[in-house]
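# Structural overview for review
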Amino acid sequence: MFRLRTPLWAAVALVAALVTAPPAQAAAEPLTVTDFEATTLPAGVSAWGNDTASTPALTVEPDATRPGAPTTNRVLKAVYNVSQWGGWSHDLTTAQDWSAYEGFSFWVKGTGSGQKVFFEIKDGGGGAGSSELFESSFTDDTAGWRQVQVPFSGFTRRGDYQPGGAPTDGQLDLVAMWGYSMRLPAASGTLFWDDVQVYGTAPPRPVRLATDKPVYPVNEKGTAEVRVSVTTATGGPLPADLAVGYRTGTGTATPGQDYTPVEGTLTFPAGTASGSAKAFTVKTLADGAAEVAETIPIELSGTGTRPPAETPAIVINAHGLPYLDARKPVKQRVADLLGRMSTEEKVGQMTQAERGALGSPNDIATYLLGSLLSGGGSTPATNTPKAWADMIDGFQLRAQQTRLQIPLIYGVDAVHGHNNVVGATIFPHNVGLGATRDADLVEQAGKVTAKEVKATGIPWDFAPCLCVSRDDRWGRAYESFGEDPALVSRLTTIIDGLQDNGVLATAKHYVGDGGTTYGSSTGDYKIDQGVTQLTREQLAAIHLAPFAEAVKRGVGSVMPSFSSVDFGQGPLKMHAHKELITDVLKGRLGFKGFVISDWQAIDQIPGDYPSDVRTSINAGLDMIMVPYAYPLFTSTLKAEIAAGGVPMARIDDAVSRILTQKFRLGLFEHPYADRSGIGDVGSAAHRAVARTAAAKSQVLLKNEDRLLPLRRDAKVYVAGSNADDLGNQSGGWTITWQGSSGPITQGTTILSAIRGRAASVTYSADASAPLAGHDVGVVVVGEKPYAEGQGDVGVNGHTLDLSAADRAAIDRVCGAMKCAVLVVSGRPLLLGDLSKVKALVASWLPGTEGAGVADPLFGAVPYTGRLPFTWFRTAEQVPINVGDATYDPLYPYGWGLRTDRARDRLKAAYDRLSGGDGASRAASAALLVALLGNNWNADGSVRQTRVVLGAIGTAAALLDRSKTDAYAQDDAVVSVARDIAQTTGRRPDLQASADHELAAGNVHKAVELLTQAAR
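Presented here is a report on the structure given in the accompanying data block. (Residues numbered from 1 in each chain as written. Predicted model: local features only at pLDDT ≥ 70, side-chain atom pairs only at ≥ 80, totals over all residues. Heavy atoms only, no water.)

### Examining the overall build of the protein chain
Summing up its helical and strand segments, the protein chain has 25 helices and 38 strands in all. Here the C-alpha radius of gyration of the protein chain, 32 Å, is about what a compact globule of 1015 residues would show, namely 31 Å. Counting over 1015 residues, the protein chain shows a buried share of 59%. Taking as baseline every contact in the protein chain between residues at least 6 positions apart, the subset at least 24 positions apart corresponds to 76%. When the accessible surface of the protein chain is summed, it comes to about 37,100 Å², and 52% of that surface belongs to carbon and sulfur atoms. One finds the centroid of the 91 positive side-chain charges in the protein chain at a distance of 6 Å from the centroid of its 104 negative side-chain charges. (Helix = DSSP H or I, 4+ residues; strand = E, 2+ residues; numbered from the N terminus. Rg over C-alpha atoms; globule rule 2.2 N^0.38 Å. Buried < 20%, exposed > 50% of the residue type's maximum accessible area, 1.4 Å probe, protein only. Contact = heavy atoms within 4.5 Å. Areas by Shrake-Rupley, 256 points an atom, 1.4 Å probe, with all protein chains shown as cover. Lys, Arg positive; Asp, Glu negative; His and termini not counted. Charge placed at Lys NZ, Arg CZ, Asp CG, Glu CD.)

### What to know about empty space enclosed by the protein
Enumeration according to the criterion identifies 5 cavities of 30 Å³ or more in this entry. Roughly 90 Å³ of volume is contained in the largest cavity. Taken together, 14 residues line the largest cavity, and the ones lying closest to its centre are Ala414, Val415, His416, Thr449 and Ile494. Of all the elements in the fold, those that place two or more residues in the lining of the largest cavity are helix 6 (430-436), helix 7 (439-455) and helix 9 (493-499). Residues belonging to the lining of the largest cavity are distributed by class as follows: 9 nonpolar, 4 polar and 1 charged. Considered as a void within the structure, the second largest cavity measures approximately 80 Å³ in volume. (1 Å grid on protein atoms, 1.4 Å probe; cavity = no way out; pocket = protein on both sides within 12 Å on 5 of 7 lines; lining within 4 Å. Points joined across faces, edges and corners; volume = space filled by probe spheres on them. Nonpolar A, V, L, I, M, F, W, Y, C, P; charged D, E, K, R; others polar.)

### Focus on the pattern of salt bridges
This structure, assessed with the given rule, holds 55 salt bridges. Between Glu132 and Arg157 there is a salt bridge, with its nearest N and O atoms 2.6 Å apart. With Glu132 in strand 8 (residues 132-139) and Arg157 in strand 10 (residues 156-157), this pair connects stretches of sequence that are 25 residues apart. Taking the relative accessible area as the measure of exposure, Arg157 reaches 13% and is therefore buried. Each of the salt bridges in this network shares a partner with another, and the network as a whole consists of Glu120, Glu135, Arg158, Asp160 and Arg183. (Salt bridge = Lys/Arg side-chain N within 4 Å of Asp/Glu carboxyl O.)

### Here we look at the nonpolar core
Residues Leu337, Leu372, Tyr510, Leu580 and Leu637 are the most contacted members of the largest nonpolar core, which totals 122 residues. At 8 residues, the largest contribution of residues to this core is made by helix 7. Setting aside residues up to four positions removed in sequence, Tyr510 forms contacts with Leu544, Phe547, Val558, Met559, Pro560, Ser561, Met574, Leu580, Ile581, Val584 and Leu585. If you look at the next biggest cluster of nonpolar residues, it comprises 62 residues, including Ile750, Val823, Leu845 and Tyr891. (Core = buried A, V, L, I, M, F, W, Y, C linked by side-chain atoms within 4.5 Å.)

### Focus on the sheet that holds strand 28 (residues 557-560)
Pairing in this open sheet of 3 strands is parallel, and the strands run 26-28-31 from one edge to the other. Each of the sheet's edge strands pairs with one partner strand only, and the pair in question is strand 26 (506-510) and strand 31 (594-595). The pairing of strand 28 with strand 31 spans 2 bridges and is classified as parallel. Note that in strand 31 the partner of Ser557 across the bridge is Phe594. Taken strand by strand, helix 11 (residues 578-588) contacts strand 26, strand 28 and strand 31, and its axis lies near 140° from that of strand 26. (Pairing = 2+ DSSP bridges. Axes fitted to C-alpha atoms, helices over the stretch in contact; angles between N-to-C directions.)

### Structural notes on the side chain of Thr284
With respect to the helices, strands and loops of the structure, Thr284 is situated in the loop between strand 18 (276-283) and strand 19 (294-301). Using a relative accessible area of 5% as the deciding quantity, one classes Thr284 as buried. At 3.1 Å, the side chain of Thr284 and the backbone nitrogen of Lys221 are in polar contact. Here the side chain of Thr284 touches Gly222 through a polar contact of 2.8 Å, landing on its backbone nitrogen. If sequence neighbours within four positions are ignored, Thr284 has contacts with Val218, Asn219, Glu220, Lys221, Gly222, Asp258, Tyr259 and Ile316. (Polar contact = N/O pair within 3.5 Å; in protein donor to acceptor, adjacent residues only side chain to side chain.)

### Focus: the layout of surface pockets
Estimates place the volume of the second largest pocket at around 940 Å³. Along its surface, the second largest pocket is lined by 34 residues, and Thr168, Asp169, Pro214, Pro361 and Arg398 are the ones closest to its centre. Listed by contribution, the elements that provide at least two residues to the lining of the second largest pocket are strand 13 (207-211), strand 15 (223-231) and helix 5 (385-399). For the lining of the second largest pocket, the element with the most residues is helix 5, which contributes 7 residues. Partitioned by chemical class, the residues of the lining of the second largest pocket number 15 nonpolar, 12 polar and 7 charged.

### Points about the environment of Lys278
If you trace the backbone, Lys278 turns up in strand 18. The exposure class assigned to Lys278 is partly exposed, which follows from its relative accessible area of 33%. Aside from chain neighbours lying at most four places away, what touches Lys278 is Val226, Arg227, Val228, Leu266, Thr267 and Phe268.

### Re the pairing of strand 28
Of the two faces of strand 28, both are covered, the one formed by Ser557 and Met559 as well as the one formed by Val558 and Pro560. The pairing of strand 26 with strand 28 spans 4 bridges and is parallel. Looking at the pairing, Thr506 lines up with Ser557 of strand 28.

### Quick word on unusual backbone geometry
Cis geometry marks the peptide bond from Ala463 to Pro464, where omega comes out at 10°. By secondary structure assignment, the location of Pro464 is in the loop between strand 25 (460-461) and helix 8 (485-490). Of note, the amide linkage connecting Leu708 to Pro709 takes the cis form, showing an omega dihedral of 5°. Tracing the backbone through its elements, the reader meets Pro709 in the loop between strand 33 (699-703) and strand 34 (715-719). Positive phi values are uncommon outside glycine, yet Gln529 reaches one of about 65°. Overall, Gln529 belongs to the buried group, its relative accessible area being 18%. Backbone geometry at Trp733 places phi at a positive 55°, although glycine is not the residue there. When you line up the elements, Trp733 lands in the loop between helix 16 (726-730) and helix 17 (750-757). In this structure Trp733 comes out as buried when scored by relative accessible area, which is 5%.

### Some details on the pairing of strand 13
The side-chain alternation of strand 13 yields one buried face, formed by Val207, Leu209 and Thr211, and one unburied face, formed by Arg208 and Ala210. Taken together, the 2 bridges between strand 13 and strand 20 (residues 305-306) define a ladder with parallel strand orientation. Bridge pairing in strand 20 places Val207 opposite Thr305. Relative to strand 15, strand 13 runs antiparallel, the two being bridged by 4 bridges. In the sheet register, Leu209 faces strand 15, and the bridge partner there is Val230.

### Some remarks on a nonpolar patch on the surface
Residues Val929, Leu932 and Val947 make up a contiguous nonpolar surface patch of about 230 Å² in total accessible area. As for its placement among the helices and strands, Val947 is situated in helix 22 (residues 945-959). (Patch = residues over 30% accessible without salt bridge, like charges linked within 9 Å, V, L, I, M, F, W, Y side chains within 5 Å.)

### Here we look at helix 14 (residues 648-664)
Residues that lie three or four places apart on an α-helix share one face, since the helix turns once every 3.6 residues. The first and last C-alpha atoms of helix 14 sit 24 Å apart over 17 residues, in line with the 24 Å expected at 1.5 Å per residue. Counting buried positions along helix 14 gives 12 out of 17 residues, so the element sits mostly inside the fold. Those residues of helix 14 that fall on the buried side of the exposure criterion are Arg650, Ile651, Ala654, Val655, Ser656, Arg657, Ile658, Leu659, Thr660, Gln661, Lys662 and Phe663. In the stretch just after helix 14, Gly666 is the one whose phi turns positive, near 75°. (Expected span 1.5 Å × (residues − 1).)

### Thoughts on the packing of aromatic side chains
According to the stated counting rule, one finds 30 aromatic pairs in the structure shown. With a centroid separation of 6.2 Å and an interplanar angle of 40°, the aromatic rings of Phe152 and Phe155 are classed as tilted. The buried category is assigned to Phe155, whose relative accessible area is 7%. Summarising the aromatic geometry, the rings of Tyr323 and Phe668 are spaced 6.2 Å apart at their centres and angled 75° between planes, so their arrangement reads as edge-to-face. Within this pair, whereas Tyr323 is found in the loop between strand 21 (313-316) and helix 2 (330-340), its partner Phe668 is found in the loop between helix 14 and helix 15 (684-697), the two being separated by 345 residues in sequence. Of the two residues, Tyr323 and Phe668, neither departs from the other in class, the shared state being buried. Ring pairing ties together the aromatic residues Phe36, Trp88, Trp98, Phe104, Phe106, Phe119, Phe138, Phe152, Phe155, Tyr180 and Trp193, which thus form one cluster. Above the plane of the ring of Phe192 lies Lys109, whose end atom (NZ or CZ) is 5.1 Å from the centre. (Phe/Tyr/Trp six-rings, centres within 6.5 Å; stacked < 30°, edge-to-face > 60°. Lys NZ or Arg CZ within 6 Å of the ring centre and 35° of its normal.)

This is the structure in structure tokens:
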């Protein structure tokens, strides 16, 4: 805090600055950023909105009525009908330097509607989509043309939203400006725009003062070195001598008792390079008492300078208190800390904000925040593992400024690897992992993800999604391991992979989000965030089962769904469902972790905002994700507590659950990133695991004349939209929330992997290149990226059909040669006429390791994957799932042709089982009968089906009693029966049910069903 009376050190700095003040800046000519003199929209100008209807219609029209306009003048016309948000932007392809100008100016022709219109300018960062946003506004209170002029000093950092990758320094630098946006009100109307400029002459820009850290934690009897840097507006050297005064200010630490006060001047001579620094030190003392943290503000001044946006501070660390003693049991540490906390500190622990929404990083300490997150695509300005670690360490440093120094818990949606980070290992989405049927491999994927996430300083992953997806029209279908609760439950091993390697897992979305009824969503979506209509018994059997398994595995957090549940009395939002959250999850299932809300999800609860807060907390939510509204949430919850709307016992329970996980993660002892693993992010070893997962996720649906695997010496013709597109094969939730096409990160496309396998490859995405002279065609088709409800069928043009271009590529290639079609998608698709297609593979969304797709294609490993979703025959059949009374799919749940030898599989199971318990050894003996040579053809397929099925059935009955058999052996035994059943092509209902029974652990029942299907 600065005092009114000027001390000697500040007076010296003032005189020095006055003597050496730089000359006045020359006047700047106005710079037109956008005019509308062409007949079409200028390059970079585009409209946007929350849906098509809310996206303004932009046209360029003649209009000479603007004051001073020439008779040939043209303007931009914006006709809008915004339901939630909409507007238009001019994004520049090359940054402009606006630092010489005073402000931002434009003409607007309004109607006097009284509506408030916000606009923003885009400062710094790597481009228009990753710049820091500073906003202002005007009111449409004039019918006709008016000029709006706002000095740059009148802009404030936008607090409700910042794009991923945007700088977070809160400073409007103006040297690299990427354009602007006009945000229209949620209403209907028409506005005209013209002559967007930057105007005037910038006032002299001060030298910026900064310290090397915003916070300096130090122990008692320690020394803090504070380095002060000076940065000029132009980046050039100092034009004159500069004296910077420093002093320790008034904080919670006591001068003379806790530290030795300091005061002085740092002199930077003329010619000093911009960015240069000088240092001073502050020494702390020891008073012998156990204490909470105490602060010592650092005050800097100097005429012609701008001090740091936030006052830096030295913090004497808390010490000697029981909760800081890592030797004590977690329960004791929680109780001690909770007993020291104020209501404000407890509310802060229950609050999670989005990192890009922080008004300033110091809001972490101001609002005592317990958690931050990165939403999809919310990244540091430089998207590298080191930059992530630096960013999160910086946030953790701010938490050390608080009285109790409770560390943040930072969360991220690492749903298929550390998917926000460029260069990280990207695994197949859950749908592909479900196709592997390999719980150990899924656990490995969790382990690799944890190691990469933790290396960047993140201790919390909003994964796995344990939804049981029952409708292929859902835009989140690929986030599910499958349509069968038994399969999803089996693959909860990913929780062990995450949590055994230091990252808190989140079971989501509790509960029933995969069962919503098509058309039940409000707003723009068709099925996502809709209503699940069923009985309590059905919910428990289908959707609750995987969460029960997750709780058994000790999952640390659970996230409720946006969706609602309707047991027949009307829909109730899951975020308000006390029965399912408190009574079932925390009560009957015994969940001991904490419940975190989804993104702004409490806002969807009917009622006003205080009611949303009160209802959700009392329903059992412990931490609320309020990405932008954290100031409103904290004040509202404090008011509800004071009014008795939320009991303090509920608050204490919530905070205790959160603190328990923070202690268990070791955050109090190690709040900062362990950077020893940064070099392993995207490493060859990690990518090898992802490659294996991609290979095992490939499901061979059709293989006429044993076309697959392909010969290495074949001349291969490759076509299709997804053959050479890393973004498409990775899907949504890759680098950004929705994902995008193209080379968005590092990896291997399917085409490049094929080129690495085949002797000769011709590539033509649309199959327009000559077709003659090739042995085989590979057409890679499917979907482009999407996420959540944006991918619902019926939203944004999404259907279950292949595109016309993909269909044409199939027809051209498969009409000219033997061909294999690979479908890269997040769900089954309507494939059309397959009569000319010899081989068909469901490749799902394999991630960055396209080599995993090519490995079974060329026989380096066999095809072993099985369908996690029923592949419908017609779109009218959807939804279609295993166990349906009427079930006639194109390919049933669990279908998957194999290219390895059935006899070899059975022999491997025989060998492993022979070393087990009595039941396993007896099963092994039964398999010996099946393995007799005369039961098999030369290619390893079954000759004597009755004998082999009989022996397998006997072995399966014994395996149901075994305590030492592994799922891999059970799966191998059942797979031989499946081979036989798939050869007949009969009773898809029994084949699907058999795979469900196997996932549920009923080996004999699975073989019995397959035996019936084979008859």
